[in-house]
Amino acid sequence: MECHRSFSSDYAGDRHRVGPHHPRGMRRCLTIGEMLATGWRESQYGWTDKPPLTDEEKARLRATRPPVEAINPSLGTPGPPDPKQPL
Ligand SMILES: [Zn+2]
C-alpha cells in the first residue's frame, strides 16, 4: 500500500517505507503517527525526516548564493552600444 503523501526527495520517500520487500505486500508506509514519533515533519517541500534549518544555516545559504549577475551577466547593466550601429 502506498500512502501517496508527497516527500521532499525520493530518498525521503524511500525512508518512510518499512518492512521486508518480500513477500509482496509486506512492505508498507509509516503511518502519520509513526512518522511524527520518529522525527518526521511536513515541510513546504513535502514530508522529510531531516531537522529544520536553523536561522544560522538559512543565513549561510543566503550568503553563499551568488547574485543573479554572476549567473547571467546579461541581466546586469546593459552592455556597451554596438559600434556597427549608426548613431
Ligand atoms: Zn507512503
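In what follows, the structure referred to is the one given above.
Predicted, not measured: the structure shown is a model, and the values here were computed from it.

(A) Up close: the overall build of the protein chain. Looking only at helices and strands, the protein chain features four helices and four strands. Reading the helices (α) and strands (β) of the protein chain from amino to carboxyl end gives α-β-β-α-β-β-α-α. For the protein chain, buried positions account for 7% of its 87 residues. Excluding contacts between residues fewer than 6 apart, the proportion of contacts in the protein chain whose partners are at least 24 apart in sequence is 48%.

(B) Highlighting the environment of Ser9. Along the chain, Ser9 turns up in the segment before helix H1 (10-15). Separated by 39 residues in sequence, Ser9 and Thr48 place their C-alpha atoms 7.8 Å apart.

(C) Highlighting the environment of Glu42. Residue placement: Glu42 occurs in strand E3 (residues 41-43). The spatial distance from the C-alpha of Glu42 to the C-alpha of Arg5 is 9.8 Å, given a sequence separation of 37 residues.

(D) Here's a closer look at unusual backbone geometry. Here the bond from His22 into Pro23 is cis, since omega is 0°, no more than 30 degrees from zero. Counting through the fold element by element, Pro23 comes out in the loop between strand E1 (17-18) and strand E2 (28-29). One non-glycine residue, His4, lies in positive phi territory at about 60°. Positionally, His4 belongs in the segment before H1.

Definitions and limits used
Residues numbered from 1 in each chain as written. Predicted model: local features only at pLDDT ≥ 70, side-chain atom pairs only at ≥ 80, totals over all residues. Helix = DSSP H or I, 4+ residues; strand = E, 2+ residues; numbered from the N terminus. Buried ≥ 20, exposed ≤ 12 C-beta atoms within 10 Å, placed from the backbone. Contact = placed C-beta atoms within 7 Å.

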